[in-house]
Amino acid sequence: MQALLSALQQTQVIAMLAGLVLLFLWESLHPFYEHFRGSWKDRGKHAVRNLTLGALNSALVAIVFVGLWFAASVWADEYRFGLLHWLQDGVGLPTWAHAVGAVLLFDAWSYAWHRINHEIPFFWRFHRVHHSDPNMDVTTANRFHIGEIFFSSSFRILIIGLLGVYLWELVLYETLMFAVVQFHHTNIDISEKVDRMLRAVIVSPNMHRVHHSRWQPETDSNYSSLFSFWDRLAKTFRHNPHPENIELGLDEFDREDDQTVSGMLRTPIAKQKRD
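Given the structure is predicted, the values throughout are model-derived calculations rather than measurements.

Novice: Even after reading the chapter, I still don't get the nonpolar core, so can you show me in this structure?
Specialist: Note that soluble globular proteins tend to have their nonpolar side chains buried in a common cluster. In this structure, Trp69, Phe106, Ile160, Val165, Leu170, Tyr173 and Leu226 are the most contacted members of the largest nonpolar core, which totals 34 residues. Listing elements by their share of this core, those giving two or more residues are helix H2 (40-78), helix H4 (95-119), helix H6 (146-163) and helix H7 (167-185). If we skip the residues at most four places from it in the chain, Val165 touches Ser73, Leu84, Ala102, Phe106, Ile160 and Leu170. The next biggest cluster of nonpolar side chains, apart from the first, holds six residues, and it includes Leu23, Val138, Ile188 and Ile190.

Novice: Explanation requested: H2 in the structure shown.
Specialist: What sets the pattern is the α-helix's 3.6 residues per turn: residues three or four places apart point alike. With 39 residues, H2 extends 53 Å from end C-alpha to end C-alpha; this agrees with the ideal 57 Å at 1.5 Å per step. Phe65 marks the point of greatest bend in H2, at about 50 degrees. Once H2 ends, the next one or two residues include Arg80, with phi positive near 50 degrees.

Novice: Looking at this structure, I do not really get the pattern of salt bridges. What am I missing?
Specialist: Pairs can form between side chains of opposite charge whenever their charged atoms are close. Evaluation of the coordinates by the stated rule reveals 14 salt bridges. Two residues, Arg199 and Glu192, come together in a salt bridge whose shortest N-O distance is 2.6 Å. The exposure class assigned to Glu192 is partly exposed, which follows from its relative accessible area of 30%. Of the charged contacts in the structure, one is a salt bridge between Arg266 and Asp257, with a shortest N-O distance of 2.6 Å. The class for Asp257 is partly exposed, based on a relative accessible area of 34%. Each of Lys45, Arg49 and Glu256 takes part in salt bridges that share partners, so that together they form one network.

Novice: Whenever I open this one, H6 confuses me. Can you help?
Specialist: Taking 1.5 Å per residue, 18 residues should reach 26 Å; H6 reaches 25 Å between its end C-alpha atoms and fits that length. Of the positions making up H6, those classed as buried are Gly147, Glu148, Ile149, Ser152, Ser153, Arg156, Ile159, Ile160, Gly161 and Leu163. Against H2, helix H3 (83-91), H4, helix H5 (121-131) and H7 lie the buried residues of H6. Of the residues flanking the end of H6, it is Gly164, one or two places downstream, whose phi is positive at about 70 degrees.

Novice: In this structure, what is going on with the packing of aromatic side chains? I would like to understand it.
Specialist: In this description, a pair of aromatic rings is defined by centroid distance and the angle of the planes. Scanning the model with the defined rule gives 23 aromatic pairs in all. Measuring from centroid to centroid gives 5.3 Å for Trp75 and Phe81, while their planes differ by 55 degrees, and the two rings are tilted. For the ring pair Tyr111 and Tyr223, a centre distance of 5.9 Å and an interplane angle of 85 degrees mean the geometry is edge-to-face. Here Tyr111, found in helix H4, pairs with Tyr223, found in the loop between helix H10 (216-219) and helix H11 (229-234); they are 112 residues apart in sequence, far enough to count as distant. Accessibility assignment for this pair places Tyr111 and Tyr223 in one class, buried. The structure contains a cluster of three or more aromatic residues connected by ring pairs, namely Phe65, Trp69, Trp109, Trp113, Phe122, Phe123, Phe126, Phe150, Phe151 and Phe155. Sitting above the plane of the Phe24 ring, Arg43 keeps its charged end 3.7 Å from the centroid. Lying across the ring of Phe237, Arg232 places its NZ or CZ 4.6 Å from the centre.

What counts as what
- Residues numbered from 1 in each chain as written.
- Predicted model: local features only at pLDDT ≥ 70, side-chain atom pairs only at ≥ 80, totals over all residues.
- Heavy atoms only, no water.
- Core = buried A, V, L, I, M, F, W, Y, C linked by side-chain atoms within 4.5 Å.
- Buried < 20%, exposed > 50% of the residue type's maximum accessible area, 1.4 Å probe, protein only.
- Helix = DSSP H or I, 4+ residues; strand = E, 2+ residues; numbered from the N terminus.
- Contact = heavy atoms within 4.5 Å.
- Expected span 1.5 Å × (residues − 1).
- Bend = angle between axes of the 7 residues up to and from the residue.
- Salt bridge = Lys/Arg side-chain N within 4 Å of Asp/Glu carboxyl O.
- Phe/Tyr/Trp six-rings, centres within 6.5 Å; stacked < 30°, edge-to-face > 60°.
- Lys NZ or Arg CZ within 6 Å of the ring centre and 35° of its normal.

Purely geometric stuff here, so don't read any function into it on its own.
Below, the structure written as structure tokens:
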């Protein structure tokens, strides 16, 4: 089991880095929005700022939370606590079904947590960092306030126990989820036909562009992270047939200072437009 966990963690890191590089190149060749109009300097500055936040968050998770997640997983396994362990012991749930269940249930939690971040003002203060990017691209997938990562990682300890998830299943889910998250943040130009086929199963670029709209009814929709059907089930799916007209970002964070690393870290204490 330890060997499987180690292999999955290595795969996760490789997939994240490879995805970042490949998608960055793809959006360079076929961009959907002309964010930087050929200015590699501005684009590089934007990427460094977003990736700096991602590095800070990765350090927090590695230093503080991975061990706590592992402890919660081991405890749940030892005491056979949690929904998936109860099903495994009660009805003989096979290992593959346990893993599929873990991926689906964790993705359902990701939908719920994302929606909480929009509907509860305290959490929205932190989540605004992600939405305040007016030039969304693949690096935006890393742009989260460290406070949001602290809260989401803390809740995961409880969720791991309640669901009875093995840590290797969490790593598997995160590998799949973050690959899709990188993809649907990418500033790539794909046909509406292809996008429509993709969003029948996973969150597609056009589907997620709606979520990053400045118009609040669109901002408060399309919360799914990996699988797109949660929004349809919860009736929070919204489609915009003209995504090229969507204005990205948040009105109250258009100053240059708001886009710096220090500005993004100060975002939670700024006045809320929804107040």
